[in-house]
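# Structure assessment
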Amino acid sequence: MIEFKVVTFSHPTGVTALDHVSLSIADGETVAVVGENGAGKTTLVKHITGLLKPTTGAVLVDGDDTRQRTTAELSRKVGVAFQNPDHQLFSENVEEEIAFALRNFGFPPETVKQRVDWALNFFGLEEYRKSSPLTLSGGEKKRLTIACILSWDPGVVVLDEPTVGQDVIQKERLSETVRMLKSTGKTVIIVSHDIEFLWPMQPRVIVMSRGKIIADGPASDLMLEREVLASARVSQPQLVTLYQGLKKRPAQPFVHVHDARSWLASEANG
Amino acid sequence: MPRILSIQNFSFRYPGAQRLAVDSFDLEVDRSEIIILAGPSGCGKSTLLRSINGLIPHMYSGDYSGAVLMDGANVREESMRALAQKVGFLFQNPENQIFMFSVERDVAFGLENLGVPREEMRRRVDEAMAQLGITHLARRAPHELSDGQKQRVALAGVLAMQPGLVILDEPTSLLDPMTASELVELVDKIRRENGTTFIVVEHRLDLLVRIADRLVVMNSGKKVLDGSCWDVLTDERAEGYGLSVPAIVKLEKGLNYHDVGTSARIPTAAQLAEEVNSRTA
C-alpha cells in the first residue's frame, strides 16, 4: 500500500511541484499517471522511492514513512525505470548492469545468473550482453532499465514514460510485461503521455495538473471526460473519440480495435 | 534546381561491424516535403540521418559507398560548416541542445559560430522567435521553461540557420499530447511559410500522419516501404516492421469504408464517426 498524506513539495527555488496531494494506491493496482509537462508526475513518483521527501505531509510505503527510510531500503520494495535511462546506467556492460542491483541486494550468484539470463532474453537484449550500455539506442537503454528493476522482483514497479523510443513490437512486449506483473499481484505505476498505449490496459487513471491531482478514477470513466483531460493537456484515445462521436453506440466505449470493428460491422449489416 | 536530398545506392558499415548499418539505400526528397522515417530499433535510421547531416563520413569513419547529395552537393565533399547551414537537427531531448543563459542567446548560438554579421543575426533570431511564438521568452533562462517551450527554443535555434532541410528526432516523445499536437501544427506551418523540408523520425504516428506526405520504412538497413502514409500503414507488412498503426487506420481498413481513408487522407476519429453516422442514419 502506498499512501500520500496531504503532501506538498517545494523546490529550493520556491516552485511548488506537489500541492496538497492525497492518494492511496492498494497492492496489486495498475495506475496510470497522466498530465501536462511539468504537472508534477515525476516528482510524485520520486516521492515513492524516497528520492524526494515531502516538504510537508507524509508518504508511506507499506506503512513505512519514507522520511525514516533510506532510498536503498525503499528501492528493494519499489523499482523505478526513470524517464531518462542515462540517469541510471553506468556499468561496463549490459549483463553487469542487470547483475549490479541483484548483487547489492545479496542474491546468491546462481540466482543472479538465472535472473540476468531471464531479463536479457525477455527484453530482447541477449545480443548486447557484453556491450556497453552507452552504445545502445534510446529504446534499448529504456528496456535495459526496465529489465534491471524487474530482475530483483520489487513489489512496486514504476515506469516513467516507458514507451519513448519503442516500436510497436516492443510496446506490445511492454503491455505483456504489465499484464504479467498485474497477474502476479505487483503494483504497477505508469507515468506516460502515450494514451493509446495506456487505454487497452484499462488502468486506474490519475490526472495531474500544476502539482495537484485533478481527477482520479477508472480509465473507462475518466477518458470520456474530454474537458477534464484537456485542462491537463491530455487528449482522448482515438477509440473513445470515435465512440463519443457516434450517434448510436453501445453502452461501453470500445477498448480494442476489434471491439469497434465488430460493433460497426454489425450496425452496417442492420 | 536540384532535389533537396538525393540518396543514391548508399551503404555504410561501421568499423569492425559484421553487417551493413545502411544497405543499398535510395531516396529522393523534394523541397517542402514532410517525410516520416520509421522502422524498428536498430534498423539504421540514426546512421542514415548521420549520413545526411555529414557526421558520416566526417566524424564517423567506416566503409562508405554510393552517394548522398544535399542540395546537389555531395555530402562527402562538403565541409561540416557548409552542411550545418543546409541541414538542421532537432534532438529528442531539447536539453541536449540548449545551454545558454537566455533564450535569445541560445537561438543566436549557431549564427554566432558562423560569424554572421550582427544585424543579420538580430533579424534572423527575431524572425525565428516570432515564427515559433517565443518572442516574449527572449530574456528568460531556458532551464526555467516548460518542455514544450524548450522544444520551441531549440527549433528556433535550428530555423535561425535557415536550413533547407530539418531533421527531427522523435520530437513529440517527451511532450504531453496537446503540446505534441501543437508542435506538429507548427512544423506544418514552417513548411508552408518557409518551404522547409522535414525528415521526422517518430514512433508515435497518430499525430504526424496528419501532415506528412510520405512514410519511409527501414528494416535491417534497407528501405522496405515508401509511399503515402495511408498506403504504407495499410500495407500487410507495416506492423511486422514495428510501425504503430493508429487505431483509426486499422479500423477503417477493416471496415473498408472506401473514400474515408485514401492515399491523400487519413481520417481523424471524429471524421470516421461522422461517416459511420451518415451511413447508419
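A count of helices and strands for chain A gives 11 helices and 10 strands. Here the C-alpha radius of gyration of chain A, 20 Å, is about what a compact globule of 270 residues would show, namely 18 Å. In terms of overall dimensions, chain A has C-alpha extents of about 65 × 45 × 30 Å along its principal axes.

A few words on the domain arrangement of chain B. Residues and elements named next belong to chain B. Looking at the assigned domains, one finds that chain B contains domain 1 (5–245) and domain 2 (246–281). Spacing between the C-alpha centres of domain 1 and domain 2 amounts to 31 Å. In this complex, domain 1 contributes 11 residues to the contact, which on the side of domain 2 involves 9 residues. Class assignment of the residues belonging to the side of domain 1 that touches domain 2 gives a composition of 6 nonpolar, 2 polar and 3 charged.

Further remarks concern helix H11 (residues 269–280) of chain B. All names here are of chain B. Taking 1.5 Å per residue, 12 residues should reach 16 Å; H11 reaches 16 Å between its end C-alpha atoms and fits that length. Taken together, the buried positions of H11 are Ala269, Leu272, Ala273 and Val276. The arc that holds the buried residues of H11, viewed along the axis, is 100 degrees, so those residues lie on one side.

Residues and elements named next belong to chain A. Ordered in space as E6-E7-E8-E3-E9-E10, the 6 strands form an open sheet in which the pairing is mixed. Single-partner strands in this sheet number two, and they are strand E6 (78–81) and strand E10 (212–218). In this sheet, neighbouring strand axes are inclined to one another by 15 degrees on average, regardless of whether the strands run parallel or antiparallel. With 4 bridges joining them, strand E3 (residues 30–35) and strand E8 (residues 187–191) adopt parallel strand pairing. Across the sheet, alanine 32 pairs through a bridge with isoleucine 190, a residue of E8. Packed onto the sheet, helix H1 (residues 41–48) meets E3, E6, strand E7 (156–160), E8 and strand E9 (204–209) and runs at close to 155 degrees relative to E7.

Okay, the domain arrangement of chain A next. Residues and elements named next belong to chain A. According to the domain assignment, chain A consists of domain 1 (2–234) and domain 2 (237–270). The C-alpha centroid of domain 2 is placed 32 Å from the C-alpha centroid of domain 1. Taken together, the contact between domain 1 and domain 2 spans 8 residues of the former and 9 residues of the latter. Taken together, the residues of the side of domain 1 that touches domain 2 break down into 5 nonpolar, 2 polar and 1 charged.

Across a regular strand the side chains alternate sides, sitting on one face of the sheet and then on the other. Residues and elements named next belong to chain A. One ladder, built from 5 bridges, connects strand E1 (residues 2–10) with strand E4 (residues 56–61); its direction is antiparallel. Each bridged residue has a counterpart across the sheet, and for glutamate 3 the counterpart in E4 is leucine 60. As defined by bridge partners, E4 adjoins strand E5 (residues 64–65) across 2 bridges and the pair is classed as antiparallel. Within E5, the residue paired with leucine 60 across the bridge is aspartate 65.

Turning our eyes to something else, we now look at the environment of A:Phe9. All names here are of chain A. With respect to the helices, strands and loops of the structure, phenylalanine 9 is situated in strand E1. In this structure phenylalanine 9 comes out as buried when scored by C-beta crowding, with 23 C-beta atoms within 10 Å. Not counting residues within four places of it along the chain, the set of residues in contact with phenylalanine 9 comprises Ala17, Leu18, Thr43, His47, Leu52, Pro54 and Thr55.

Procedures and definitions
- Each chain has its residues counted from 1, following the order in which its sequence is written.
- Here the convention is simple: chains get letters from A, ligands get numbers from 1, in the order in which they are written.
- In view of the model being predicted, local features appear only for residues whose pLDDT reaches at least 70, and side-chain atom pairs are presented and counted only at 80 or more, with totals across whole chains, interfaces and linings using the full set of residues.
- Every helix listed is a DSSP run of H or I at least four residues long, and every strand listed is a run of E at least two residues long, numbered separately from the N terminus.
- With the radius of gyration taken over C-alpha atoms, the globule rule is written as 2.2 Å times the number of residues to the power 0.38.
- The split into domains, and so the bounds of each, comes from an automatic or database assignment of domains.
- A pair of residues counts as a contact when their C-beta atoms, built from backbone coordinates, are separated by no more than 7 Å.
- Ten residues, namely Ala, Val, Leu, Ile, Met, Phe, Trp, Tyr, Cys and Pro, are considered nonpolar, four, namely Asp, Glu, Lys and Arg, are considered charged, and the remaining ones, Gly among them, are considered polar.
- A helix is expected to span 1.5 Å for every residue after the first.
- Neighbour density around each residue's C-beta defines its exposure: 20 or more other C-beta atoms within 10 Å make it buried, 12 or fewer make it exposed, and counts between make it partly exposed, where C-beta atoms are placed from the backbone.
- Picture the helix axis, draw a direction to every C-beta atom, and the arc is the one those directions span.
- Strands pair, by our definition, only if DSSP identifies at least two bridges between them.
- Between the N-to-C directions of two axes lies an angle of 0 to 180 degrees, each axis being a line fitted to C-alpha atoms and, for a helix, fitted only over the stretch in contact.

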